[in-house]
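# Structural characterization, general
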Amino acid sequence: MRICILVRVLQPAGAQRFAIEEARCLSARGHHVDLVFLRRSRHHPAVYAPLLLGLSPTLFSKRETRWPWSPVLAMLTRIAAPERGEESTLDVDLLLSAALRIARGSYDIVLCHDPWAGVSGYLSNFLSGTPYVVFIHERVLSEGASSALQRGASRVEREVCRKTGAILCITEGVRESVRSMQLEIPTYVATAGTTLPMNRGSHDANEVLSVAMWDSGRRPEVYLELARNLERGTLTLAGAWRRPEEFEAFVRLRDQAGLQQKVTVTGPIREEDLQALYRRARVFVRFGFGESGIGSANMEAIGYGIPVITNRALGFSRLIVDGRHGFVLDRADGEEAARKADLLLDDRDLWARLSAAVTELSGRFTWESHTDILERALAEALHRGEERATA
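A brief look at the structure comes next. (Residues numbered from 1 in each chain as written. Predicted model: local features only at pLDDT ≥ 70, side-chain atom pairs only at ≥ 80, totals over all residues. Heavy atoms only, no water.)

Another aspect to go through is the sheet that holds strand β8 (residues 207-211). Pairing within the open sheet is parallel, and its 6 strands lie in the order β10-β9-β8-β11-β12-β13. Only two strands of the sheet have a single neighbouring strand rather than two, namely β10 (263-265) and β13 (326-329). Direction aside, neighbouring strands of the sheet carry axes that sit 20° apart on average. By the bridge criterion, 4 bridges tie strand β12 (residues 308-311) to β13 in an arrangement that is parallel. The partner of asparagine 311 across the bridge, within β13, is leucine 329. The sheet contacts of helix α11 (residues 271-280) involve β8, β9 (234-238) and β11 (283-285), and relative to β8 the element is tilted by about 140°. (Pairing = 2+ DSSP bridges. Helix = DSSP H or I, 4+ residues; strand = E, 2+ residues; numbered from the N terminus. Axes fitted to C-alpha atoms, helices over the stretch in contact; angles between N-to-C directions. Contact = heavy atoms within 4.5 Å.)

Here you go:
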């Protein structure tokens, strides 16, 4: 198949990492794959360049096709999703440009990472009949729509999903959310794979690690509560922040709490430096707040054999067993998480048992099995597209 994988923003976040691995695996299986990003983020290319080794993605640039109303779109994005910031602006100009290019191309199918990238798939399908698949990484908007703007966005999301040939979901929780739309579209759960490192590391530091693309919606202040109650070790929050002002505010909050020696906040981090953190850390913590998604860093952590502390509101919690692969809390409780982290830092035998179990678990989630599901979904969508064309 000739496949276009479409992602809105080139940044070191979960959906982008998944798309990159999919491009590699599909290409290795003989498919012709074009990996397309609508635009890059403000982060320095050195942050994400190692992820793209061996690939030649196509990059649209806002500077090339910026429309006069782009600032208006940024403002509307801030209203609908204030925690996301300008990085997540819905670039209608670029979505239209991508749709036109796809329609003029000779793709068999388009894989759109999130329903907003799916807008391009929807429009190119209208223009040229090219079928498309939508990969959904988080619960659908209709579940939390309250304002008129959010309800309007939810209607767009539903229409994009209604016309797609298949829907891929990162977790079973996301699929349950998609099914709430009551669409007669085949859905597939394609859990992310783990990239097993050549060197898992010694994990010899009393260090608790959390990795995310940070914003206020991920409640970083809860991690300060964890650090405040941590009797052993230190906490590192690694990863870029969507809004620089929130990063600065969090650092001030940490300093006001007197936790400078216990909490390190990296901001944007190079891939090799991130891997070094995984090799050192003994505990990984990632909370969810109404997130049905997987939290891609959790998959990286188990690949390094690190026991994970999470809560039931994160989709990843369904993949692990409490007390065997780490600990699953009923809620995002910094104090309780600190007790569990101290337990793992103190008891080396317990840590070794959980690390062995989580290492075994990571072997079940491969990019090969992910790609098997992906190919089935693409084939299903292609078949449905042919049926529609001849109906």
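Resuming the write-up.
What follows is about the pattern of salt bridges. Enumeration according to the criterion identifies 27 salt bridges in this entry. A salt bridge links arginine 228 to glutamate 225, with the shortest nitrogen-to-oxygen separation between them at 2.6 Å. Of this pair, arginine 228 and glutamate 225 both sit in helix α9 (residues 221-229), 3 residues apart, roughly one helical turn. We note a salt bridge from glutamate 291 to arginine 286, for which the minimum N-O separation is 3.4 Å. An identical accessibility class is assigned to glutamate 291 and arginine 286; each is buried. Among the ionic contacts, a cluster of salt bridges with common partners joins Arg29, Glu368, Asp372 and Glu375. (Salt bridge = Lys/Arg side-chain N within 4 Å of Asp/Glu carboxyl O. Buried < 20%, exposed > 50% of the residue type's maximum accessible area, 1.4 Å probe, protein only.)

The next subject is the pairing of β8. A large share of β8 lies buried, amounting to 5 of its 5 residues. Covered by surrounding structure in β8 are Glu207, Leu209 and Val211 together with Val208 and Ser210, the residues of both alternating faces. Regarding the hand of the β-α-β motif, the stretch spanning β8, α9 and β9 is right-handed. (Right-handed = clockwise from strand over helix to strand, strands pointing away.)

The next thing to look at is the nonpolar core. Formed by 85 residues in total, the largest nonpolar core has its most connected members in Ile5, Leu168, Tyr278 and Phe284. Residue contacts for tyrosine 278: discarding those within four places in its chain leaves Arg200, His203, Leu209, Val211, Phe284, Ala297, Glu300, Ala301, Tyr304 and Ile306. Grouped together as the second largest cluster of nonpolar side chains are 31 residues, Tyr223, Trp241, Val283 and Leu350 included. (Core = buried A, V, L, I, M, F, W, Y, C linked by side-chain atoms within 4.5 Å.)

Once that is clear, we can look at the sheet that holds strand β5 (residues 132-136). Strands sit in the order β3-β2-β1-β4-β5-β6-β7 across an open sheet of 7 strands; the sheet is parallel. Two strands close off the open sheet at either side, each with one partner strand: β3 (58-59) and β7 (187-189). Bridge analysis of strand β6 (residues 166-169) against β7 gives 3 bridges, and the strand direction is parallel. Its bridge partner being in β7, cysteine 169 is matched across the sheet by valine 189.

Another point: the packing of helix α13 (residues 334-346) against helix α14 (residues 348-362). It is the contact of α13 with α14, at a shortest axis distance of 5 Å, that shows an interaxial angle of 100°. Here α14 runs roughly perpendicular to α13, going by the angle between their axes. The segment α13 lies against α14, with Leu343, Leu344 and Asp346 engaging Arg348, Leu350, Trp351 and Leu354. Split by residue class, the contact of α13 with α14 holds 5 nonpolar, no polar and 2 charged. (Parallel < 35°, antiparallel > 145°, perpendicular 65-115°, else oblique. Nonpolar A, V, L, I, M, F, W, Y, C, P; charged D, E, K, R; others polar.)

Moving on, we get to a nonpolar patch on the surface. A contiguous nonpolar patch, built from Leu100, Phe126 and Leu127 and spanning about 350 Å² of accessible area, is present on the exposed surface. Relative to the elements of secondary structure, leucine 127 occurs in helix α6 (residues 117-128). (Patch = residues over 30% accessible without salt bridge, like charges linked within 9 Å, V, L, I, M, F, W, Y side chains within 5 Å. Areas by Shrake-Rupley, 256 points an atom, 1.4 Å probe, with all protein chains shown as cover.)

Right, let's get into the side chain of arginine 384. Relative to the helices and strands, arginine 384 is located in helix α15 (residues 367-390). Here arginine 384 is buried and forms no salt bridge, its nearest opposite-charge partner glutamate 380 lying at an N-O distance of 4.6 Å. Residues within four places of arginine 384 in sequence aside, it is in contact with Gly165, Glu184, Ile185 and Pro186. (Lys, Arg positive; Asp, Glu negative; His and termini not counted.)

Compared with an ideal rise of 1.5 Å per residue, which puts 13 residues at 18 Å, α13 spans 18 Å between its outermost C-alpha atoms and is within 8% of the ideal. Gly334, Ala337, Ala338, Ala341, Asp342, Leu344 and Leu345 are the residues of α13 that are buried. The arc that holds the buried residues of α13, viewed along the axis, is 160°, so those residues lie on one side. Here the buried face of α13 lies against β8, α9, β11, β12, β13 and α14. (Expected span 1.5 Å × (residues − 1). Arc of directions from axis to C-beta.)

It is worth spelling out the packing of aromatic side chains at this point. Taken as a whole, this structure holds 8 aromatic pairs when the rule is applied. Clustering of aromatic rings is evident, with ring pairs tying together Trp214, Tyr223, Trp241, Phe247, Phe250 and Phe287. Seen from the ring of tryptophan 351, arginine 282 lies directly overhead, with NZ or CZ sitting 4.6 Å from the centre. (Phe/Tyr/Trp six-rings, centres within 6.5 Å; stacked < 30°, edge-to-face > 60°. Lys NZ or Arg CZ within 6 Å of the ring centre and 35° of its normal.)

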